[in-house]
Amino acid sequence: MSGTGTPETAATPRGVRSDRAAGIVIVLVALLVGWENRAYPIGHLAEPGPGYMPLLIAGALGVFGLLIALRAGTSPLFNTIDWSESRRGIVLLIACGVAVFALERIGYRLTMIALLVFVLGVVERKRPLPALLVAFGFAFVSYYLFATVLNVQLPRGPWGL
Amino acid sequence: MDGVLGNLMLGFSVALQPSILAYAFAGCVIGTLVGMLPGLGPLAGISLLLPATFGLNPIIAIVLLAGVYYGAMYGGSTTSILMRIPGEAASVMTCIDGYAMTQRGRAGPALAIAAIGSFVAGTLSVVALMFLAPTLASFALRFGPPEYTALLLMGFLVLSYMSGGSMLKTLAMAAAGLLFGMIGIDAMSGYTRFSYGFIELADGIGIVPVAVGLFGLSEILLTAGQTTPPAIQRPTLRQLIPSLEEMKLSIGPISRGSLLGFMIGIIPGSAHIISSFVSYGIERRMSKHPERFGNGAIEGVAGPESANNAAATGAFVPMLALGIPTGPVTAVMLAAIMVHGISPGPMLITQQPELFWGFVASMYVGNVVLLILNLPLVGLFVNLLRIPYSYLYPAILCFCILGVYSVSNSVMDVWIMLGMGAFGYLLRKTGFEPAPIALGLILSPMLELSVRQSLAMSGGSYGIFFDRPIAIAMFAVAGVLILLALKPLVFKKKDWREQVGLEKRA
């Protein structure tokens, strides 16, 4: 930094360290588990109840989270992490979520065809013919392999598909 | 010795049955392909294949899955050497000198040494497994709940100390995994915990949706949209033959890698990954010309490749002898055995000798199959990498949904996988290792049961953990590890991970 001639204070990046953010989230999760654990009896040391171990582990998790947050000095700043692929990731997750919702309603093969056509055609912008060929090929070949050859139970939809 | 040989003969009589040979071969082929494909590591590959093993007999199931496991170890090296793409994490170190050799026109010898090293390490480790596992199993019969508690806690500390990143982060992830493992019916009281009215959660969270989500799906979320891989070299059979000098240079690293990998494999954690990093560091340190490392040193291929294959075999020792998985891969394999009503643990070797010795013998067979597959057929396998990733990852995504759903025909499992995929993505972006979560999830019921039983046995005194010699020894090891972890903080020295080139701890 000093080599560029820029004043040190002006060049120092600002923001929350990724480990500090993660540590705080971990502490909050530990507190949440501890709070939810009130529903289960802790018992006593000679006869620990179902709430004993979750409380113990949540306590340990909280301590680790606190130490991670306190020792976050060398971790990268949260806003410097490259999230460029996250948009595609979110689209893929939503597409998978819709597929899961449809799986037992319209059957395995139709769901896979729809998912693959969407991912290949819309997300990856492949030409329609190859996308359709891959989608139909994958759905029918994988169904044959798993459901017919390996006897794995897969859901069927309308018209037995 | 005679007993071992007699048992091994029994094992070969099982492993050489045509049906088992065929499944061992199929497992090795699938594993090699899985290891080569970026986005599908051995864990995701095994998890996806798990439902297909339910209809098979337990010996065939474990032989098939073990074939996938060490096949993936072999397969990962091919893409590392030829394309600088580690098909799975343990092959990262092979990329450095393996790809440098490819650039210098020595891809063939690099592939050959990787395959030979893997074969030698794999075979030597099976010999060690054969002698060590029964001994450990008979010793483990002395274990009660306090010893199991000490063993599991020591395992978590070893895992956190040996892992590449921060010890605190590893422990936090292990604790998170333990909490995930507490969802569902409490075995001792019958209470259903943290299920929030979802009946499907009463049985707890399965390892398969968690493993596929954390490792398979998160990898896809990280890599989807990447550019097409570079052009691939396909060496001919003649080009595979290493020079005499290269052979000589490789003998030491292969021997050291085999020993080191097996020892690291026995302890919990991502042993095959750690062993390859440690082996590379040791070889660089022992070399008279360390400057060659990074520029195509054959030792940088021979050591890590031998170590990761030896570690893959070493991981089976506690799995078979104690019924304790040392990582997510062995946890899924234990699940495969348990589906067939077989209880893993110290009694497995005496009660199911065909299973244990058949498995050991099949590993010898598998190593030969892999040597044959990986040398002459390497040109054939790399064709798979010509498929553009934009076509490959949607298919892997569909396989993830298919594999997870078919384990118990549960849509809830697929939702868990999606949640874990997103969680795994966030963890990897922020420098957290997801493997301890899977390990914690698996070990959680065992740890909870042993802690509560120990306390009940002692009338509520924690002193029981320090009354018994085996437990004391294990806690002593744990204490030493904590001191070792604190040492670099106190004396401002580099710890072993920084010295071997692993990530610096936070």
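Residues numbered from 1 in each chain as written. Chains lettered and ligands numbered in written order. Predicted model: local features only at pLDDT ≥ 70, side-chain atom pairs only at ≥ 80, totals over all residues.

A. Highlighting the overall build of chain A. In terms of helices and strands, chain A carries six helices and two strands. Helices and strands appear in chain A in the N-to-C order α-α-β-β-α-α-α-α. Expressed along its principal axes, the backbone C-alpha trace of chain A runs to roughly 65 × 60 × 25 Å. Taken over 161 residues, chain A has a buried fraction of 31%. Once local pairs closer than 6 in sequence are excluded, the contacts in chain A between residues at least 24 apart make up 62%. (Helix = DSSP H or I, 4+ residues; strand = E, 2+ residues; numbered from the N terminus. Buried ≥ 20, exposed ≤ 12 C-beta atoms within 10 Å, placed from the backbone. Contact = placed C-beta atoms within 7 Å.)

B. Highlighting the overall build of chain B. When helices and strands are counted, chain B shows 22 helices and two strands. Expressed as a percentage of its 506 residues, the buried residues of chain B come to 60%. Sequence separation of at least 24 residues holds for 79% of the intrachain contacts in chain B that already meet a minimum separation of 6.

C. Representation of helix H4 (residues 86–106) of chain A. Between the first and last C-alpha of H4 of chain A there are 29 Å, a value that for 21 residues agrees with the 30 Å anticipated at 1.5 Å per step. Most pronounced at Val100 of chain A, the bend in H4 of chain A amounts to some 25°. In this structure, the buried side of H4 of chain A is in contact with helix H5 (108–123) of chain A together with helix H9 (207–223), helix H18 (389–408) and helix H19 (411–429) of chain B. Of the residues one or two after H4 of chain A, Gly107 of chain A is the one with positive phi, at around 90°. (Expected span 1.5 Å × (residues − 1). Bend = angle between axes of the 7 residues up to and from the residue.)

D. Highlighting the interface of chain B and chain A. Counting residues at the interface gives 51 residues for chain B, matched by 56 residues for chain A. Mapped by element, the contributors of at least two residues to the side of chain B that touches chain A are helix H8 (167–180), H9, H18, H19 and helix H20 (435–457) of chain B. If you tally residues by element for the side of chain B that touches chain A, the top one is H18 of chain B, at 10 residues. Taken together, the residues of the side of chain B that touches chain A break down into 34 nonpolar, 11 polar and six charged. (Nonpolar A, V, L, I, M, F, W, Y, C, P; charged D, E, K, R; others polar.)

E. Summary view of helix H3 (residues 52–70) of chain A. Counted at 1.5 Å a residue, the expected span for H3 of chain A with its 19 residues is 27 Å, and the 27 Å between its end C-alpha atoms agrees. Looking only at H3 of chain A, the buried set comprises Tyr52, Met53, Pro54, Ile57, Ala58, Leu61, Gly62, Phe64, Gly65, Leu67 and Ile68 of chain A.

F. Representation of the packing of helix H10 (residues 244–266) of chain B against helix H12 (residues 299–314) of chain B within the structure. Residue and element names in this part refer to chain B. Look at H10 against H12: their axes get within 6 Å of each other, and the N-to-C directions meet at 30°. By the criterion of interaxial angle, the relationship of H10 to H12 is roughly parallel. The chirality of how H10 crosses H12 is right-handed. Class assignment for the residues of the contact of H10 with H12 results in 14 nonpolar, 11 polar and two charged. (Axes fitted to C-alpha atoms, helices over the stretch in contact; angles between N-to-C directions. Parallel < 35°, antiparallel > 145°, perpendicular 65-115°, else oblique. Left-handed = near helix turned anticlockwise from the far one by under 90°.)

G. Structural view of the environment of Ile59 of chain B. Residues and elements named next belong to chain B. Relative to the elements of secondary structure, Ile59 occurs in helix H4 (residues 58–83). Given 26 C-beta atoms within a 10 Å radius, Ile59 is considered buried. Placed 303 residues apart in sequence, Ile59 and Ser362 show a C-alpha to C-alpha distance of 9.7 Å. With residues up to four places along the chain from it excluded, the contact list for Ile59 reads Val14, Ile20, Glu354, Leu355, Gly358 and Phe359.

H. Just unusual backbone geometry, in detail. In this model, Arg125 of chain A sits at a positive phi of 55°, which is unusual for a non-glycine residue. If you trace the backbone, Arg125 of chain A turns up in the loop between H5 and helix H6 (128–149). The class for Arg125 of chain A is exposed, based on 9 C-beta atoms found within 10 Å. The phi dihedral of Asn409 of chain B falls on the positive side, at around 50°, and the residue is not glycine. If you trace the backbone, Asn409 of chain B turns up in the loop between H18 and H19.

I. Expanded view of the nonpolar core. Residues and elements named next belong to chain B. With 209 residues, the main nonpolar core has Leu65, Val332, Ile401 and Ala438 as its most contacted residues. Ranked by residues supplied to this core, first place goes to helix H6 (residues 107–140) with 18 residues. Look past the residues within four positions of Ala438 in its chain and what remains in contact with it is Gly177, Ile207, Val210, Ala211, Leu214, Pro328 and Ala331. (Core = buried A, V, L, I, M, F, W, Y, C linked by C-beta atoms within 7 Å.)

J. Layout of the packing of H4 of chain A against H5 of chain A. Residue and element names in this part refer to chain A. Where H4 contacts H5, the axes come no closer than 8 Å and their chain directions differ by 160°. Relative to H5, H4 is oriented roughly antiparallel. Two packed elements cross with a definite hand, and for H4 against H5 that hand is right-handed. Contact residues: H4 offers Arg88, Val91, Leu92, Ala95, Ala99, Ala102, Leu103 and Ile106, while H5 offers Tyr108, Leu110, Thr111, Leu115, Phe118, Val119 and Val123. Per-class residue counts for the contact of H4 with H5 are 13 nonpolar, one polar and one charged.

K. Spotlight on the confidence of the model for chain B. All names here are of chain B. Confidence in the prediction of chain B, expressed as mean pLDDT, is 81, and 88% of residues score 70 or more. Taking the mean pLDDT of every element in chain B, the minimum, 56, falls on helix H22 (residues 496–499) and the maximum, 94, on strand E2 (residues 192–193). Two numbers describe this predicted complex: its pTM, 0.79, and its ipTM, 0.89. (pLDDT = per-residue confidence, 0-100.)

L. Focus on the confidence of the model for chain A. When the pLDDT values of chain A are averaged, the result is 88; 92% of them are 70 or greater. Here residues 1–9 of chain A is a poorly scored stretch, pLDDT under 50, and it has five contacts once near neighbours within four places are set aside; other chains count.

M. Quick peek at the environment of Ile60 of chain B. Residues and elements named next belong to chain B. Relative to the elements of secondary structure, Ile60 occurs in helix H4. Residue Ile60 is classed as buried on the basis of its C-beta count, with 21 C-beta atoms lying within 10 Å. As for Ile60 and Tyr23, which are separated by 37 residues in sequence, their C-alpha atoms are 6.7 Å apart. Dropping the residues within four chain positions of it, Ile60 is found in contact with Ser19, Ile20 and Tyr23.

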